[in-house]
Amino acid sequence: TAMEFSELIKTATVESVLLSCAGQPAVKGTLCITSHHLLLSSCPGGDGQPSAVELWLLIRNVDAVEKRLAGSSGTITLRCKDLKVLQLEIPGMEECLNIASSIEALSSVDSVMMMYPFFHRPQSLRLEEGWPLLPVEQYFQQIAPQSTQWRLSDVNRDFAVCPTYPPAVIVPAAVSEETLRRAARFRQGGRFPVLSYYHSRNGTVMLRSGQPLTGPNRKRCAEDEVLLGSVLDEGERGFIIDTRSAQAAKQARMTGGGTEPKSSYPQWKRLHRPLERGRPLQESFIKLVEACNDASLGMDRWLGRLESCRWLSHVKAALSTACLAAQCLDREESSVLVHGAEGTDTTLLVTALAQVILEPGCRTLKGFQGLLEREWIQAGHPFHLRCAHSAYSHARLKQEAPLFLLFLDCVWQLSRQFPFSLEFSEGLLLTLFDNAYASDYGTFLCNNEKERQVAGTWGQQCLCKVKESTHSLWAWLDQPEERKKYLNPLYSPNPLVIWPSVEPQSIQLWQGLFFRWIRSSQYLDEAWAEIWRLVGGSNTAVKESTENRLSRSLSDPTARMENER
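Counting of residues starts from 1 at the beginning of each chain's written sequence and follows it residue by residue. Thresholds applied to this predicted model are a pLDDT of at least 70 for local features of residues and 80 or more for the giving and counting of side-chain atom pairs; totals over whole chains, interfaces and linings are not thresholded and use all residues. Hydrogen atoms and water are omitted, and side-chain values are computed over all heavy atoms in the structure.

An unreviewed UniProt entry lists the protein under the name Myotubularin phosphatase domain-containing protein, from Bambusicola thoracicus. UniProt positions are given in the numbering used here, feature names are shortened, and annotations may be inferred rather than shown by experiment. Among the UniProt annotations of the protein, the heading Sequence similarities (unreviewed entry) holds the following wording: "Belongs to the protein-tyrosine phosphatase family. Non-receptor class myotubularin subfamily."

Let's shift gears to unusual backbone geometry. If you check the backbone angles, Leu-83 has positive phi at about 80° while not being a glycine. Along the chain, Leu-83 turns up in the loop between β6 (73–80) and β7 (85–91). To sort residues, take the accessible area from a 1.4 Å probe on protein chains only and compare it with the maximum for the residue type: under 20% means buried, over 50% means exposed, and anything in between is partly exposed. Judged by its relative accessible area of 6%, Leu-83 falls in the buried class. Positioned with a positive phi, Cys-446 is a non-glycine residue whose angle comes to about 70°. Each helix is a run of H or I in the DSSP string that is no shorter than four residues. Each strand is a run of E no shorter than two, and both are numbered from the N terminus. Residue placement: Cys-446 occurs in the loop between α14 (426–437) and α15 (449–453). Classification of Cys-446 as buried rests on a relative accessible area of 1%.

Position of Cys-328 relative to the elements: it lies in helix α9 (residues 311–330). Any two residues having at least one pair of non-hydrogen atoms within 4.5 Å are treated as being in contact. Excluding anything up to four places from it in sequence, Cys-328 contacts Phe-239, Glu-333, Ser-334 and Val-336.

In this section: the packing of helix α7 (residues 279–293) against helix α8 (residues 299–309). Only the stretch in contact is used when a helix axis is fitted, and all axes are lines through C-alpha atoms; the angle between N-to-C directions ranges over 0 to 180 degrees. Interaxial distance between α7 and α8 falls to 9 Å at its minimum, and their mutual angle equals 170°. On the basis of the axis angle, α7 is roughly antiparallel to α8. Residues Ser-284, Lys-287, Leu-288, Glu-290, Ala-291 and Cys-292 of α7 touch α8, and the partners they reach there are Trp-302, Arg-305, Leu-306 and Cys-309. Lys, Arg, Asp and Glu make up the charged group, whereas Ala, Val, Leu, Ile, Met, Phe, Trp, Tyr, Cys and Pro make up the nonpolar group; the residues left over, Gly among them, are polar. Of the residues contributing to the contact of α7 with α8, the split by class is six nonpolar, one polar and three charged. An angle below 35 degrees is treated as roughly parallel, one above 145 as roughly antiparallel, one from 65 to 115 as roughly perpendicular, and anything else as oblique.

Read from one edge of the open sheet, five strands run β10-β11-β14-β12-β13, paired in mixed fashion. Every other strand in the sheet has two partners, leaving β10 (194–199) and β13 (268–272) as the edge strands with one partner each. Pairwise comparison of adjacent strand axes, ignoring direction, gives a mean angle of 20° for this sheet. Paired strands are those between which DSSP finds at least two bridges. The pairing of strand β11 (residues 204–208) with strand β14 (residues 336–339) spans three bridges and is classified as parallel. Counterpart to Arg-208 in the pairing with β14 is Val-338.

Another point: α7. What a helix is expected to span follows from its residue count: subtract one and scale by 1.5 Å. For α7, built from 15 residues, the straight-helix expectation of 21 Å at 1.5 Å per residue is met to within 8% by its first-to-last C-alpha distance of 21 Å. Along α7, the positions that sit buried rather than exposed are Leu-281, Gln-282, Ser-284, Phe-285, Ile-286, Leu-288, Val-289, Ala-291 and Cys-292. Residues of α7 that are buried make contact with α8, α9, α13 (403–417), α14 and α19 (511–514).

A few words on the side chain of Asn-494. Assignment of secondary structure puts Asn-494 in the loop between α18 (480–483) and α19. N or O atoms closer than or at 3.5 Å make up a polar contact, with two conditions inside protein: a donor-capable atom paired with an acceptor-capable one, and, for residues adjacent in sequence, both atoms drawn from side chains. Separated by 3.1 Å, the side chains of Asn-494 and Ser-421 make a polar contact.

A few words now on the side chain of Glu-400. Mapped onto the fold, Glu-400 is located in the loop between α12 (383–386) and α13. Despite being buried, Glu-400 has no salt bridge partner; Lys-398 is the closest side chain of opposite charge, sitting 5.3 Å away. Within the structure, the side chain of Glu-400 is placed 2.7 Å from the backbone nitrogen of Lys-398, a separation counted as a polar contact. When sequence neighbours within four positions are dropped, the list of residues in contact with Glu-400 reads Gly-278, Gln-282, Leu-385, Arg-386, Ala-388 and His-389. Charge counting treats Lys and Arg as positive and Asp and Glu as negative, with His and both chain ends excluded. By convention in these notes, a salt bridge is any Lys or Arg side-chain nitrogen within 4 Å of a carboxyl oxygen on Asp or Glu.

Counting buried positions along β10 gives six out of six residues, so the element sits mostly inside the fold. The loop that links β10 with its antiparallel partner β11 comprises four residues; one of these, Gly-203, has a positive phi angle of about 75°.

All right, on to the sheet that holds strand β2 (residues 24–33) then. Spatial ordering of the open sheet is given by β4-β3-β2-β1-β7-β6-β5, a layout of seven strands whose pairing is antiparallel. Looking at the sheet topology across the chains shown, the edges are occupied by β4 (52–58) and β5 (62–70). Taken over all neighbouring pairs, the strand axes of this sheet differ in orientation by 30° on average, direction set aside. Where β6 meets β7, seven bridges bridge the pair, whose relative direction is antiparallel. Residue pairing for β7: Thr-77 is matched across the bridge by Gln-87. The sheet contacts of helix α2 (residues 93–107) involve β1 (13–21), β2, β3 (37–42), β5, β6 and β7, and relative to β5 the element is tilted by about 170°.

Moving on: the packing of α9 against α13. Where α9 contacts α13, the two axes come as close as 10 Å, and the packing angle between them is 75°. Relative to α13, α9 is oriented roughly perpendicular. Touching Trp-311, His-314, Val-315, Ala-318 and Leu-319 of α9 are Leu-405, Leu-406, Asp-409, Cys-410, Gln-413 and Leu-414, all from α13. A class-by-class count of the residues in the contact of α9 with α13 yields eight nonpolar, two polar and one charged.

Okay, the pairing of β5 next. Sheet topology places β5 next to β6; eight bridges connect them, and they run antiparallel. Bridge assignment links Arg-68 to a residue of β6, and that residue is Thr-75. What sits between the antiparallel neighbours β5 and β6 is a turn of two residues, in which Gly-71 has the positive phi angle 60°.

A few words on the packing of aromatic side chains. Any Phe, Tyr or Trp ring, taking Trp's six-membered ring, that has another such ring centre within 6.5 Å forms a pair; planes under 30 degrees apart are called stacked, those over 60 apart edge-to-face, and the others tilted. Evaluation of the coordinates by the stated rule reveals 16 aromatic pairs. Their ring planes at 25° and their centres at 4.3 Å tell us that Phe-368 and Phe-424 sit as a pair that is stacked. Placement of Phe-368 in helix α11 (residues 365–377) and of Phe-424 in the loop between α13 and α14 is noted, with a sequence separation of 56 residues between them. One exposure class covers both Phe-368 and Phe-424, and it is buried.

On to the environment of Thr-346, then. Note on placement: Thr-346 falls in helix α10 (residues 346–358). Judged by relative accessible area, Thr-346 falls into the buried class, the value being 4%. Residues in contact with Thr-346, not counting those within four places in the same chain, are Thr-243, Leu-275, Glu-276, Arg-277 and Leu-403. A distance of 2.8 Å separates a polar atom in the side chain of Thr-346 from a polar atom in the side chain of Thr-243.

The next thing to look at is the domain arrangement of the protein. Where each domain begins and ends is defined by an automated method or by a domain database. On domain assignment, one finds that the protein holds domain 1 (5–42 + 52–109) and domain 2 (136–518). Taking only C-alpha atoms into account, the centre of domain 1 sits 36 Å from that of domain 2. At the interface, 14 residues of domain 1 touch 20 residues of domain 2. Taking both sides of the interface into account, the surface hidden between domain 1 and domain 2 amounts to around 1400 Å²; carbon and sulfur atoms contribute 61%. Buried area: the sum, over both parts, of the accessible surface (1.4 Å probe) that disappears when the two are put together. For domain 1, the biggest contributors to the area lost against domain 2 are Asp-63, Lys-81 and Leu-83; these three give 45% of the whole. The tally of links from domain 1 across to domain 2 stands at zero salt bridges. Connecting domain 1 to domain 2 are ten residue pairs in polar contact (both at pLDDT 80 or more). Only β5 and β6 provide two or more residues apiece to the side of domain 1 that touches domain 2.

Following this line, the structure appears as structure tokens:
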């Protein structure tokens, strides 16, 4: 592999390169390219002084490379997936072109095995540590004592029934493996209805699946009807939340998909809540980042651009739909099935968010990790495809879409409206965004569990074995000195459901992410450091006064105080 990388590197080192980055003083130093990193070390004057590393950039984090030549030198602009923008002024035209083409080649290596997580070996971790032990099984152990209606099925142990489900899934106890196999053939991608969440307060459940393959001739599947029927008692009703418009669902019938007809599923009532996915969502993200980077905008034009990119309306729609699912369970005391078309995108956005709203356990650091593992990673959200490019890439859009970022943004909105209720801080959400797009760890590699175990995709039948050959992000974050960076100093466990406001004035732009590299966060950082100092004694009076100061400094006048105290 070293050989393959070295062929891509045309020039390995260049002296006297000037690095500049918004809000930072420019530094001069020596630029080095390795198989996975771009390094710039400065020589702080005087001989014999140690050089300082000013830049240590994972090349996988580069989303776009732009070059401008002027006379005998050139400037390379690197636009990163974490939205940072760097400029390198490189003496010598040939060096400049060589560096640019090397970075381009290395940043677009598509073979999973060649990615940095397979080479990253931090001193403090041992391999195979921190890979969550079977998150679905662990979750089943939590609900088994509360209900005998559910069982753990290994019908998918060899991924033959559904290539995008994990080997173990939670299903109604009364339903046989053969019924599951047949129901799977009637669902897109084999994604038959499985349990996503058990609401302990009243025993209702949230299920998720792919769309039924009813098609133009209104096909039926007795096993699928039995499976969904077994979830409801006689006289009970359930809700199906379809994340497509009624129109889109109807059109899907023409190409073999569709919805559950009332006549075959009499106890289920269908609700359409269209959520954007795919290209329109990616374009919304791209437009928002463009607007944030446009320094020429006055306030009015900025607000116009913010409105027209529609990102905040996607946030509002996702939160509203998750609230609807939560209301069905908690207030209507009815079970819910969520699906769109594939069941790997907007479906997971809704089921995961609803659990943060309903379940205090999902708001702890550990519980939130478990939720991500169960509802995004194991549930088969195709990270490799969706996060292949971020907002700057010039490549033609294929299957990129920032659904995971949209989820993190919604969780940030919850943390803003309920500053005490989440054990983790904004820092964790930013770290998760960064790692989903480019990482030292194997956690977000590949598109599903099958690929992580035997990534025989991309033409080369290689045993990828992500869990044996890479480190887990969770193992890194769980180290005590790392963990404390991601805790919320104001956390006070809240046993209640946290119902967010989705009024337009309550939904704010996540500046900590979209302005992270544009605007200095110095004052905010100092404010949080002060809060940590005050909360050190962890007395409630301090928390009360901190809350008032925080709400003044962190929110706008229209933001309402949280209704959780």
